[in-house]
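# Architecture and fold: a report
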Amino acid sequence: MKQIKLFFFLSFLGTALVFSKASAVDKVTFKASDGLEVIADLYMVHDKSAPFILLFHQASWSRGEYIEIAPKLNAMGYNCMAVDQRSGGSVNGIPNLTKQNAVRAMKETQYLDAYADLQASLFYVKSNLSTGKLILWGSSYSAALVLKLAGERQEDIDAVVSFSPGEYFARDKSKTFIQKAVTGIDRAAVFITSMKNEKNAWWAIYEGIPSDNKQYYLPETTGDHGAKALWKKSPDSMGYWKALKDFLTSV
């Protein structure tokens, strides 16, 4: 009887440890090129050789966009890091700490200012956290910025996942700013998705990507803007997840 009780205790303990590891989130900090301290949540439950996904949030939000998504990606075999960019706010009760740092340091916090945070995130992960495949993932304005970063640093990444990209920087740059940037993506795999009625916002960008390994997905329903399309409460979230998984298996 004691042996049986010990067996069940050890089984319970093992399950608890696995659950604890799968749920663990570590806060990490690193500096952008201008010295700003960037804050991120690290969901690292596999070793460094596992594929790694860098997660960037949409406008007015924070790394909290991924509290439901990142654990599911962990379960699929990926390590993840959800980054607070300096252009953002709060979501799901999680404040944007990088934005707070930027305000205190009196730094600009427009969309394009956040590009330095994406660059720093990529360098930090490559230097410290990953030896495996690396995937950039963006939502709304950051979905456009990850495409720009991929066009410039293709040698450092293997794929890009872009939720609702567009020419969000036309006022400061040009109406084809991102369309021109993606011409450098001729090797990395690319996945673009959005709400059904947003296709016109990114179709020219998609057509401008020279990579042979590119895919897009439009939902059967209205869908949702940005990566929140994957949230359980969003319309057709199962459809988005299926399309995403099909793409990731091709990378």
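Reading guide: rules and limits
- Residues numbered from 1 in each chain as written.
- Predicted model: local features only at pLDDT ≥ 70, side-chain atom pairs only at ≥ 80, totals over all residues.
- Heavy atoms only, no water.
- Helix = DSSP H or I, 4+ residues; strand = E, 2+ residues; numbered from the N terminus.
- Buried < 20%, exposed > 50% of the residue type's maximum accessible area, 1.4 Å probe, protein only.
- Contact = heavy atoms within 4.5 Å.
- Areas by Shrake-Rupley, 256 points an atom, 1.4 Å probe, with all protein chains shown as cover.
- Polar contact = N/O pair within 3.5 Å; in protein donor to acceptor, adjacent residues only side chain to side chain.
- Salt bridge = Lys/Arg side-chain N within 4 Å of Asp/Glu carboxyl O.
- pLDDT = per-residue confidence, 0-100.
- Core = buried A, V, L, I, M, F, W, Y, C linked by side-chain atoms within 4.5 Å.
- Pairing = 2+ DSSP bridges.
- Axes fitted to C-alpha atoms, helices over the stretch in contact; angles between N-to-C directions.

### Some words on the overall build of the chain
Counting its regular elements, the chain contains eight helices and eight strands. In terms of its C-alpha atoms, the chain occupies a principal-axis envelope of roughly 75 × 45 × 35 Å. Looking at the chain as a whole, 51% of its 251 residues qualify as buried. Taking contacts inside the chain between residues at least 6 apart in sequence as the whole, the part at least 24 apart equals 71%. Here the chain has roughly 11,700 Å² of accessible surface; of this, 55% comes from carbon and sulfur atoms.

### Considering the environment of Asn197
With respect to the helices and strands, the residue Asn197 is situated in the loop between strand E7 (189-193) and helix H7 (199-207). Sequence separation between Asn197 and Ala243 is 46 residues; the distance between their C-alpha atoms is 18 Å.

### Section: the side chain of Ser62
Of note, Ser62 is situated in the loop between strand E3 (52-56) and helix H2 (69-75). At 2.7 Å, the side chain of Ser62 and the backbone oxygen of Ile94 are in polar contact. Filtering out sequence-adjacent residues up to four positions away, Ser62 remains in contact with His57, Asp84, Gly89, Ser90, Val91, Ile94, Pro95 and Asn96.

### Observations regarding unusual backbone geometry
Even without being a glycine, Asn92 presents a positive backbone phi close to 55 degrees. Among the secondary structure elements, Asn92 is positioned in the loop between strand E4 (79-83) and helix H3 (97-104). At Met106, a residue that is not glycine, the phi angle is positive and equals roughly 60 degrees. For Met106, the location among the structural elements is in the loop between H3 and helix H4 (115-128). By relative accessible area, which is 77% here, Met106 ends up exposed.

### Description of the pattern of salt bridges
Tallying each qualifying case throughout the model produces 11 salt bridges. One salt bridge connects Arg63 with Asp84, and the closest N-O pair in it is separated by 2.6 Å. Here the residue Arg63 occupies a position in the loop between E3 and H2, and Asp84 occupies one in the loop between E4 and H3, the gap between them amounting to 21 residues. Here Arg63 matches Asp84 in class, with each residue buried. Salt-bridge contacts for Glu152 lead to Lys148; the nearest nitrogen and oxygen are separated by 2.6 Å. Taken together, the positions of Glu152 and Lys148, both in helix H5 (residues 141-152) and four residues apart, correspond to about one turn of that helix. For Glu152, a relative accessible area of 41% puts it in the partly exposed group.

### Looking at the confidence of the model for the chain
With 91% of its residues at a pLDDT of 70 or more, the chain has an overall mean of 92. Here residues 1-22 is modelled with pLDDT under 50, and outside its nearest four sequence neighbours on either side it reaches three contacts, counting other chains as well.

### A look at the nonpolar core
Leu54, Met81, Leu136 and Leu147 are the most contacted members of the largest nonpolar core, which totals 44 residues. Setting aside residues up to four positions removed in sequence, Leu136 forms contacts with Leu54, Phe56, Leu122, Val146, Leu149, Ala150, Ile157, Ala159, Val160 and Val161. Counting residues in hydrophobic clusters, the runner-up holds 30 residues, among them Tyr43, Trp61, Leu230 and Phe247.

### A look at the sheet that holds strand E6 (residues 159-163)
Pairing in this open sheet of eight strands is mixed, and the strands run E1-E2-E4-E3-E5-E6-E7-E8 from one edge to the other. Pairing within the sheet leaves two strands with one partner each, and these edge strands are strand E1 (26-31) and strand E8 (214-217). Ignoring strand direction, the axes of neighbouring strands in this sheet form an average angle of 20 degrees. In this structure, E6 lies alongside E7, joined through five bridges in parallel fashion. From the neighbouring strand, Ser162 faces E7, where its bridge partner is Ile192.

### Digging into the side chain of Ser164
Topologically, Ser164 is positioned in the loop between E6 and helix H6 (177-181). Using a relative accessible area of 1% as the deciding quantity, one classes Ser164 as buried. Non-local contacts of Ser164, meaning those with residues more than four positions away in its chain, are made with Ser140, Ala143, Thr193, Ser194, Met195, Glu198, Asp224, His225 and Gly226.

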